[in-house]
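Descriptive analysis of the structure
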2 protein chains.
Amino acid sequence: MDAELKVYPECVELGSHSEVPTEKYGARANAIVNLMKADLPIPKAWAFLCDSVHKFQNYEFPKFKGLNNSLNQGILVSLRASPISREWGGPETLLNIGMNWRIHGMLKKALGKAAVDALYFRFIQDFATQVARLDAEDFDILIDGSVNKNNINYEKALKSALILFEEETGNEFPQDPFDQLQQSLKSMASAWNSASARILRAARGAPVNAGLGLIVQEMVLGIGDGEFGSGIAQFVSPVTGEEKAYGRYLSQSQGRAAMKEEETAQYLARDKRGPSLEEICPSCFSSLKSYANIVTNLYRDDMQLEFTVKNGDVWLLDATPAHRTGRAAIAIVIRLQSMKLITEEEALMRIAPKILNEILHPQIDPKEKRVQIADGIGASPGAATGKIVFNASSAVALASRGEASILVRIETTPDDIRGMHSANGILTERGGINSHAAVVARTLGLPCVVGVNNINIDQKNKKLHFENGTSLSEGDLITLDGSTGQILSGSTKLIEPELGGNFKQFMNWADKTRTMGVRGNADTPQDVRLAQKFGVDGIGLVRTEHMFFDTHRLNVMRELIFAEKTDDRQEALNLLLPMQREDFFEIFSLMGEQSVCIRLLDPPLHEFLPKSREQVVALAESMDLPLSKVINRVEELEEINPMLGTRGVRLGITVPEIYVMQARAIFEAACLVKKNTGRKIKPEIMIPLVSANREVELVKARVDAVASSVQSETGISVEYSLGVMVETPRAALRAHDIARTVDFMSFGTNDLTQMTYGLSRDDAGRFMREYVNQEIYDEDPFLTLDIHGVGELLSIAADRSRSVKPDILLGLCGEHGGDPESIIFCHEAGFDYVSCSPFRTPIARLAAAQAELMKR
Amino acid sequence: MDAELKVYPECVELGSHSEVPTEKYGARANAIVNLMKADLPIPKAWAFLCDSVHKFQNYEFPKFKGLNNSLNQGILVSLRASPISREWGGPETLLNIGMNWRIHGMLKKALGKAAVDALYFRFIQDFATQVARLDAEDFDILIDGSVNKNNINYEKALKSALILFEEETGNEFPQDPFDQLQQSLKSMASAWNSASARILRAARGAPVNAGLGLIVQEMVLGIGDGEFGSGIAQFVSPVTGEEKAYGRYLSQSQGRAAMKEEETAQYLARDKRGPSLEEICPSCFSSLKSYANIVTNLYRDDMQLEFTVKNGDVWLLDATPAHRTGRAAIAIVIRLQSMKLITEEEALMRIAPKILNEILHPQIDPKEKRVQIADGIGASPGAATGKIVFNASSAVALASRGEASILVRIETTPDDIRGMHSANGILTERGGINSHAAVVARTLGLPCVVGVNNINIDQKNKKLHFENGTSLSEGDLITLDGSTGQILSGSTKLIEPELGGNFKQFMNWADKTRTMGVRGNADTPQDVRLAQKFGVDGIGLVRTEHMFFDTHRLNVMRELIFAEKTDDRQEALNLLLPMQREDFFEIFSLMGEQSVCIRLLDPPLHEFLPKSREQVVALAESMDLPLSKVINRVEELEEINPMLGTRGVRLGITVPEIYVMQARAIFEAACLVKKNTGRKIKPEIMIPLVSANREVELVKARVDAVASSVQSETGISVEYSLGVMVETPRAALRAHDIARTVDFMSFGTNDLTQMTYGLSRDDAGRFMREYVNQEIYDEDPFLTLDIHGVGELLSIAADRSRSVKPDILLGLCGEHGGDPESIIFCHEAGFDYVSCSPFRTPIARLAAAQAELMKR
């Protein structure tokens, strides 16, 4: 202690006049100063610059006057991480630094020997574990022998701990408080710079060379004779956002013990279930509440407080945003707005759009215990419990009995659509975030987990095998959490979504603010109703092929595929026409004069044919065709890369009758609705997979001809617009060409991403996780629009198409239409609308509102 | 005939001072004037402006003084098409317009009644058929009854013809020569404007509204008492280009009868096989020869002459470029250059690069009769005759006995590589111009026909069934023409390529001229030797995967795929390392200090696994693994869109050991060659399927590490460069990013085309023909680089990469590297080189020379 006392330049004592910006000293330092400014009771504290964390390893930490004084006076201190972003995490807190035989002697009188023995023992254990990196269990053993947990012989344990420490480290347990602090600082620095910590925080968005602020703060002991203790409090329900005390207090404790030992801890407010701080120490409770009120006004947000009670006085240690679910988050901003603490705009900006997922889907009750048996990729949010079924028909059968099912498949195909409609959740062994199962599930709003590792589906014996050797059978209950990708055994209590009240008011604010349209993707009248329920400006994508997967229609479609003569083909088309017309009639009736964009048939014909030999045999029988003929046709239509095959407009060019039939169905339906209701139905007809303008010209000529025919047949004229789905890089590059022929362009960013990256969404799951983990891709480009590649194609296409047709309508109808970051991009590119699955439209509406606010 | 005679503005009489540019009056009008300018004997002729062809339908053709005079004087005329480009074709010539009873009377004395009856009858038949659109056969019947063909009763036939004409048309046969001419003009105009003619000439590059020049020319009768006749002559061999009279003359004939009735026609020069013009009329022959000489000097090219002999005098009617094969074409330009008629540059510009295909591969002897039994897409040029085999091992077996085989498969897979190496030609039922079979065949220089319609391959029974019910078995002989796509039955005489002499001299001119490099794609030392034989500046693409398809290596590769432990995997890699090293050693030894660009492993792992159940069972047995395990692994690796799957750098990232092994093999081989020869080996290492710079950084770090290791192990340092294959649109868009990390970029335009269009080269064959026919795509984009889409990505990438690294090496290594139009594009974009299969490198060298000349 003979070193000269001097002020260490990278450490400041915090006070109400300190300038400690979060980016320099971390969030905790900033919070402490804020609380000090509000004159709240905060123990004295010192903060280290974030950058200094990289230096502790290399040189001795010079003593700092004020801090040295406290230590010399026998005041214990804590050492806490103060990361720039709370999400980056940080090393564990170390309490009671400075504890030694001298302090032991000083405190014995006030606290009693047993309590001080315990305090000293715990400090040695924590120091040994966190700083000297010894094994915590070796110290636990020292007190484990004690028969009565409430009557541990800490005196003996303390002595053994000191011996153990010396044996393991070769050094006596340090008695110099300053030495203890210096070792602790170095240890925290090295923990922060460990490889695992770096990877972890990088995953949460921290830069490679992120620093860490550190706070040394005088301990307010939570132990003593009188009302002493510590706790965590927020005065708002984390589940509902209502005003309500939430948290725990534990007498005679320190740090976050109250949360760790929740069962023995006290409630805050009076509670039937047990004792509370309000009863034990009414003045403590009312102080805490009034402090919370001050903090809410200070931060213009509900905060969670970390506090210590010292002999009946409340001391605050930290304030962090109050825990909240999505539902609570909305309730909170609405309340804060009503209190005039924030504006509507601030309220909108405060809610991360993705959090709405929690509200829009049933969720597993957070209070439930989760018994996880496997996990995969959460591909469609929400949760569901049901009986395992291994095929579509079992799902249909259960649904008809009113029973919930989870459809379990290796992967799904369009053949499974009916089963997917009937199931309550979908689990597939294979596939990624954009596999067939995932896309359909999101459209249907069903929870879905795909790419589940280490399970094995035995379709034949209807068994689901897990890696640990256990297995489940058809009819067994499981629960899926499509948000986290977890698969739980048995049934679990779910919380249903609530779309009225706060949610409605909040979405009204968003709608009032946003300038970009949000449409829903909807393939059937049911989907359209769902989209309307969630609130959309129109339908941005009707995928007509999904209309053909109903059993009866599928049969007609197959007749079409097997037709050898033009007559037979026309016969099949004549059967399909009224069905399609009916679909469109219903959709137009529902949507009235709102926009409806119908995509002409897109998938390759083989998608309508069965794959397994069994199914092919069944098809041959049902169609009364020789098996060899059916096999031949199936083989003929097989494709090596179906994504790049004879689909979309290529089908429209090579089998033009199909598009002609669809155009007729659209116009006839529109005429009928116009006649019935007097409403001006203005369908948008969209041509998929275009790569050259000539494709568009050819289809347009046919569609125009059908329009004239229908007009002259019905005497009713229907205005319509014709456009393309931009899915190939070439269509984007040739947008100025294509724009001359069309009224609108809608970007199919799923396929555009596939082609720009050369990435099959069905197969990418195999390496995507590794690619994102290794930061090869910033994000899965199927989840968030790749602004630098795919995004550039969008910008090029937007610029080029507007250069020849300034008022061309531009939209985006891939799954990115429901992704906030992608929506901001579309807003900046001046798109007229985005369209996504109905369940994601509220997210899109909020993101669009935020994009508008960011631009202002 | 009382209408006022006046000069019709759109028709001019041709003379040596006429200005009749080809684009206004067509090629024939231009040729006639050229011949007139050289004072050659040409009958009087009038030419109609090309545009007037669109007007004949709408108004009467006013009489034109000079022409009217001729007609009134009883001179017969011909009417011939004069298209702007000879390739556009045109309606058939009509001879002897003006023939009527009056002329009949006038000519009877000179020619004899029978000859004039015949002349009149033929004219009526031609006029009836071409102008009145009656059926030619109805007229043939009128003379068919005649027992002696040489003694037809034309008097009777003539009368019947006149009656038939009147019956069928309702009008008497027109006697007014002017009326005949006018009807003929209208008929030619309407034929030119028919839908089928428009489609046909559009396919040959004619614009939509193309006009047609028409020539009215006084007939020089080829019939008469004395030496009369007509013929076609060129004084250069169409096969070899040697100076030699080639053509036919037919006494007492008109028009092109000598070519139509070749068997009865006379030779031009003295010939053992029969009588010749040289013998019949020596002065005619020598005039013709001297005229030809004048014409050659006039056109600075060898021309074919259409001529008529009238009473021993030679009259010329037309001069068109002499017919010639590729081989002849080169001999001709070399002779013309030696005669100082043209420069080397002109010689280079005169040869269409694609014509070299004929020279580089064996061809079917043009004299052979072709018995076609089916046809498909000619996917790799040249011809081959051999025994049908249905699998790779039979091809290998035949080759070992020195017998030629044609491998017949539904489609080929990498498993067939050995068989393809052993076969002399490849025929696949499925696939397009860029299917596996096609690409490999072009690399190997094997003729290949793919996408053959209306055949059925019965692999099991080893039968090839044709639509007409016939079938061929294993061992039967067939012949493929990979240039035309024809499949001929039996064996056919082939002509072998000749790469010395004229060809060598011509290619030297090209190499002297071109500034852009031309490299060959070569996967094995054999390929490298082939590339050297054809003459290349380096190797632009070594596809290392092809090295693994040898049976022994394939087994090791499969062991690698099935390895569960790191040790097992390393063991397989340790076996592969020396094999790879040996490959590279040989290649480096052959190429010395010339550039060799090696692509790291590209295909997805499942390409190394068998597909059929049979093969899977065999694999399980040979690897001594449980069948279920093999099946599982095969299924696990299956991909829905393998083109967009886990291949290329994705494999390099997820299974890094493979690239590490390959890098080591490259460096060890390079060190060894350097040590042995003292030559500086500077390998180029290329990473395939890149879509983000981070992929390149990760692989680069590993490759650099291997390089250091090998250097410190061997004490030999090897300079190397690292680059990417730009195959995804994203890599092109992010070229400025990627360029920072790499030394070179090579554009893999096959895959880039697939992704830019969203087009699978394996599947596109199904609609590509229709797409090109309907002009949706100008050309199959796998054949000729799509300048407007894919090309723009190339330009973007070139600009962006040069903006950060001006001296970055840029190349193209797709099949487009052998396509002349694509090469011009690359030259304009300033690429350093193109690379293509060895057989196409001469084409590339010539195209590169032409590109350079065009730029000068």
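Calculation criteria
- Throughout, residues of each chain are indexed from 1 in the direction in which the sequence is written.
- Each chain takes a letter, starting from A, and each ligand takes a number, starting from 1, following the order in which they are written.
- Where local features are concerned, this predicted model is filtered to residues with pLDDT of at least 70; where side-chain atom pairs are given and counted, the filter is 80 or more; whole-chain, interface and lining totals use all residues.
- Only hydrogens and water are set aside; all other atoms, that is, all heavy atoms of the structure, feed into the side-chain values.
- Secondary structure elements follow DSSP: runs of H or I of four or more residues count as helices, runs of E of two or more count as strands, with numbering from the N terminus.
- Burial classes: relative accessible area under 20% of the type maximum marks a residue as buried, over 50% as exposed, and values in between as partly exposed (1.4 Å probe, protein chains only).
- Note on contacts: a residue pair qualifies if any of its non-hydrogen atoms lie within 4.5 Å across the two residues.
- Calculation of accessible area relied on Shrake-Rupley with a 1.4 Å probe; when residues are assessed, cover is drawn exclusively from the protein chains displayed.
- His is not counted here, nor are the chain ends, while Lys and Arg score as positive and Asp and Glu score as negative.
- Charge positions come from single atoms, namely NZ of Lys, CZ of Arg, CG of Asp or CD of Glu.
- To line up the copies, we fit them by least squares on C-alpha atoms, keeping just the residues with pLDDT of at least 70 in both.
- The term salt bridge refers to a side-chain nitrogen of Lys or Arg lying within 4 Å of a carboxyl oxygen of Asp or Glu.
- N or O atoms within 3.5 Å of each other form a polar contact, as long as, within protein, one can give a hydrogen and the other can take it, and as long as residues adjacent in sequence are counted only when both atoms are side-chain atoms.
- Strand pairing is assigned whenever DSSP detects at least two bridges linking the two strands.
- The convention used is that axes are lines fitted to C-alpha atoms, helices contributing only their stretch in contact, and that angles between N-to-C directions extend from 0 to 180 degrees.
- Orientation is classified from the angle alone, with under 35 degrees giving roughly parallel, over 145 giving roughly antiparallel, 65 to 115 giving roughly perpendicular, and any other angle giving oblique.
- When the near helix sits turned anticlockwise from the far one by under a right angle, the crossing is termed left-handed; a clockwise turn instead gives a right-handed crossing.
- Classes in brief: Ala, Val, Leu, Ile, Met, Phe, Trp, Tyr, Cys and Pro nonpolar; Asp, Glu, Lys and Arg charged; the others, Gly included, polar.
- For patch detection, residues must exceed 30% relative accessible area and be free of salt bridges, and they are connected within 9 Å for like charges or within 5 Å for nonpolar side chains (Val, Leu, Ile, Met, Phe, Trp, Tyr).
- Take the number of residues in a helix, subtract one, and multiply by 1.5 Å to get its expected span.
- The distinction between a cavity and a pocket rests on a 1 Å grid over the protein atoms alone: a 1.4 Å probe fits inside a cavity but cannot get out, while a pocket stays open yet meets protein on both sides within 12 Å along at least five of seven lines, and a residue with an atom within 4 Å of a point counts as lining.
- Grid points are joined across faces, edges and corners, and a volume is the space filled by probe spheres set on the points.
- Cysteine sulfur atoms that pair up within 2.5 Å are treated as a disulfide.
- To pair, rings of Phe, Tyr and Trp, with the six-membered ring standing in for Trp, must have centres within 6.5 Å; the planes then decide the type, stacked if under 30 degrees apart, edge-to-face if over 60, and tilted in the middle.
- Charges are assigned to positions over rings by a cutoff of 6 Å between ring centre and Lys NZ or Arg CZ, combined with an angular limit of 35 degrees from the ring normal.

**What about the overall build of chain A?**
The helix and strand tally for chain A stands at 34 helices and 30 strands. Referenced to the eigenvectors of the C-alpha coordinate spread, the extents of chain A come out at roughly 105 × 60 × 55 Å. Here chain A holds 856 residues, and the buried ones make up 58% of them. Within chain A, residue pairs in contact and separated by at least 24 positions form 68% of the contacts whose partners lie at least 6 positions apart. Of the roughly 34400 Å² that chain A leaves accessible, carbon and sulfur atoms contribute 48%. Between the averaged position of the 93 positive side-chain charges in chain A and that of its 113 negative side-chain charges there is a distance of 3 Å.

**Re unusual backbone geometry**
All names here are of chain A. Even without being a glycine, Asn-96 presents a positive backbone phi close to 65 degrees. The topology assignment puts Asn-96 in strand β4 (residues 94-97). Unusually for a residue other than glycine, Arg-133 sits at a positive phi of about 60 degrees. Of note, Arg-133 is situated in the loop between α5 (113-131) and α6 (136-144).

**So, the relation of the copies chain B and chain A**
Note on the identical chains: chain B maps onto chain A by a rotation of 179 degrees and an axial translation of 0.1 Å, with an RMSD of 0.3 Å. A rotation of that kind, with that shift, is consistent with a two-fold axis. Residue Asn-641 of chain B, judged by its C-alpha, is the member of chain B lying nearest the rotation axis, at 2.0 Å. Comparing interface residues between copies, 100% of those in chain B also sit at the interface in chain A, which points to an isologous, same-surface contact.

**Comments concerning the interface of chain B and chain A**
In this assembly, 51 residues from chain B lie in contact with 51 residues from chain A. Put simply, chain B and chain A have four salt bridges between them. Arg-800 of chain A serves as the salt-bridge partner of Glu-792 of chain B, at 2.5 Å between the closest nitrogen and oxygen. Counting across the chain B and chain A interface gives 28 residue pairs in polar contact (both at pLDDT 80 or more).

**A closer look at the sheet that holds strand β17 (residues 455-458) of chain A**
All names here are of chain A. On the basis of which strands lie adjacent, the open sheet formed by three strands has the order β17-β18-β19 and antiparallel pairing. Every other strand in the sheet has two partners, leaving β17 and β19 (471-473) as the edge strands with one partner each. Sheet twist, expressed as the average angle between the axes of neighbouring strands with direction ignored, equals 15 degrees. Pairing of strand β18 (residues 463-466) with β19, which is carried by three bridges, proceeds in the antiparallel orientation. Across the sheet, residue His-465 finds its bridge partner in β19, namely Ser-471.

**Describing the packing of α5 of chain A against helix α7 (residues 154-169) of chain A**
Residue and element names in this part refer to chain A. Remark: α5 packs on α7, axes separated minimally by 8 Å, with the N-to-C direction vectors making an angle of 25 degrees. The angle between the axes of α5 and α7 places the two elements in the roughly parallel class. The interaxial crossing formed by α5 with α7 has left-handed handedness. Contact residues: α5 offers Lys-113, Ala-114, Asp-117, Ala-118, Tyr-120, Phe-121, Arg-122, Ile-124, Phe-127 and Ala-128, while α7 offers Tyr-154, Glu-155, Ala-157, Leu-158, Ala-161, Leu-162 and Phe-165. When grouped by side-chain class, the residues that make up the contact of α5 with α7 number 13 nonpolar, no polar and four charged.

**Some thoughts on the pattern of salt bridges**
Tallied over the full model, the rule gives 90 salt bridges over all chains. The closest approach of N and O atoms between Lys-159 of chain A and Glu-155 of chain A, which form a salt bridge, is 3.7 Å. Taken together, the residues Lys-159 of chain A and Glu-155 of chain A, both in helix α7 and four residues apart, mark about one turn of the helix. Arg-430 of chain B is paired through a salt bridge with Glu-411 of chain B; the nearest N and O atoms lie 3.9 Å apart. Taken together, the positions of Arg-430 of chain B in the loop between β15 (425-428) and α18 (436-444) and Glu-411 of chain B in the loop between β14 (405-409) and α17 (417-422) put the pair 19 residues apart, joining distant regions of the chain. Arg-430 of chain B gets classed as partly exposed once you look at its relative accessible area, which sits at 23%. Where salt bridges share partners, they join Arg-28, Arg-80, Arg-86, Arg-256, Glu-306 and Asp-318 of chain A into one cluster.

**Description of a negative patch on the surface**
Residue and element names in this part refer to chain A. A contiguous patch of negative charge on the surface is contributed by Asp-135, Glu-137, Asp-138, Glu-166, Glu-167, Glu-168 and Glu-172. Mapped onto the negative patch, the elements with two or more residues apiece are α6 and α7. If you tally residues by element for the negative patch, the top one is α7, at three residues. Mapped onto the secondary structure, Asp-138 falls in helix α6.

**Thoughts on helix α27 (residues 693-714) of chain A**
An α-helical turn contains 3.6 residues, so a residue and the one three or four places further along point in the same direction. Along its 22 residues, α27 of chain A runs 31 Å from first to last C-alpha, staying within 8% of the 32 Å computed at 1.5 Å per residue. Buried within α27 of chain A are the following residues: Asn-693, Glu-695, Val-696, Leu-698, Val-699, Val-703, Val-706, Ala-707 and Val-710 of chain A. Of the surrounding elements, those touching the buried residues of α27 of chain A are α25 (649-654), α26 (656-677), β26 (684-687), β27 (721-726) and α29 (735-739) of chain A together with α31 (765-773) of chain B. Residue Gly-715 of chain A follows α27 of chain A closely and has a positive phi angle near 75 degrees.

**Focus: the side chain of Arg-650 of chain A**
Position of Arg-650 of chain A among the secondary structure elements: in helix α25. When neighbours within four sequence positions are excluded, Arg-650 of chain A is seen to be in contact with Leu-644, Gly-645, Leu-689, Ser-691 and Glu-695 of chain A together with Tyr-757, Gly-758, Leu-759, Phe-767, Tyr-771 and Tyr-777 of chain B.

**A few points about empty space enclosed by the protein**
Summary: where empty space remains is shown by rolling a probe the size of a single water molecule over the atoms. All names here are of chain A. Per the counting criterion, the structure on display carries two cavities of 30 Å³ or more. Each pocket or cavity is described by its volume, and for the largest cavity that value is around 80 Å³. Of all the secondary structure elements, the ones that give two or more residues to the lining of the largest cavity are β3 (77-82) and β5 (213-218). A per-class count over the lining of the largest cavity returns four nonpolar, eight polar and two charged.

**Some details on the state of the cysteines**
Residue and element names in this part refer to chain B. The tally for this structure, following the rule as stated, stands at two disulfides over all chains. There is no disulfide at Cys-11, and the cysteine sulfur nearest it, in Cys-50, is 12 Å away. Classification of Cys-11 by relative accessible area gives buried; the value is 2%. Lacking any disulfide linkage, Cys-826 is separated from the closest cysteine sulfur, that of Cys-813, by 11 Å. Its relative accessible area of 1% is what places Cys-826 among the buried residues.

**Quick word on the sheet that holds strand β9 (residues 313-321) of chain A**
All names here are of chain A. What the four strands build is an open sheet, ordered β7-β6-β8-β9; its pairing is antiparallel. Edge positions in the open sheet fall to β7 (243-251) and β9, since each of these has one partner strand only. This sheet shows a mean twist of 20 degrees between the axes of neighbouring strands, independent of strand direction. As paired elements, strand β8 (residues 303-310) and β9 share eight bridges and run antiparallel to each other. In the sheet register, Glu-306 faces β9, and the bridge partner there is Asp-318.

**A short note on the side chain of Thr-756 of chain A**
Checked against the element boundaries, Thr-756 of chain A lands in helix α30 (residues 749-757). A polar contact is formed between the side chain of Thr-756 of chain A and the backbone oxygen of Leu-752 of chain A, at a distance of 2.6 Å.

**As for the packing of aromatic side chains**
Summed over the entire model, instances satisfying the criterion amount to 38 aromatic pairs over all chains. Measuring from ring centre to ring centre gives 5.1 Å for Trp-101 of chain A and Tyr-120 of chain A, while their planes differ by 85 degrees; the resulting arrangement is edge-to-face. Placement of Trp-101 of chain A in helix α4 (residues 101-111) and of Tyr-120 of chain A in helix α5 is noted, with a sequence separation of 19 residues between them. Overall, the relative accessible area of 41% leaves Trp-101 of chain A in the partly exposed class. Looking at Tyr-120 of chain A, the relative accessible area reads 0%, which means it is buried. Measuring from ring centre to ring centre gives 6.0 Å for Tyr-249 of chain A and Phe-307 of chain A, while their planes differ by 10 degrees; the resulting arrangement is stacked. Taken together, the residues span a long stretch of sequence, with Tyr-249 of chain A in strand β7 and Phe-307 of chain A in strand β8 at a distance of 58 residues. Take Tyr-249 of chain A: its relative accessible area is 0%, and that puts it in the buried class. Following the ring pairs from residue to residue traces out a cluster consisting of Trp-101, Tyr-120, Phe-123, Phe-127, Phe-165 and Phe-173 of chain A. Positioned above the aromatic ring of Trp-192 of chain B is the side chain of Arg-201 of chain B, whose terminal nitrogen or guanidinium carbon lies 3.6 Å from the ring centre.

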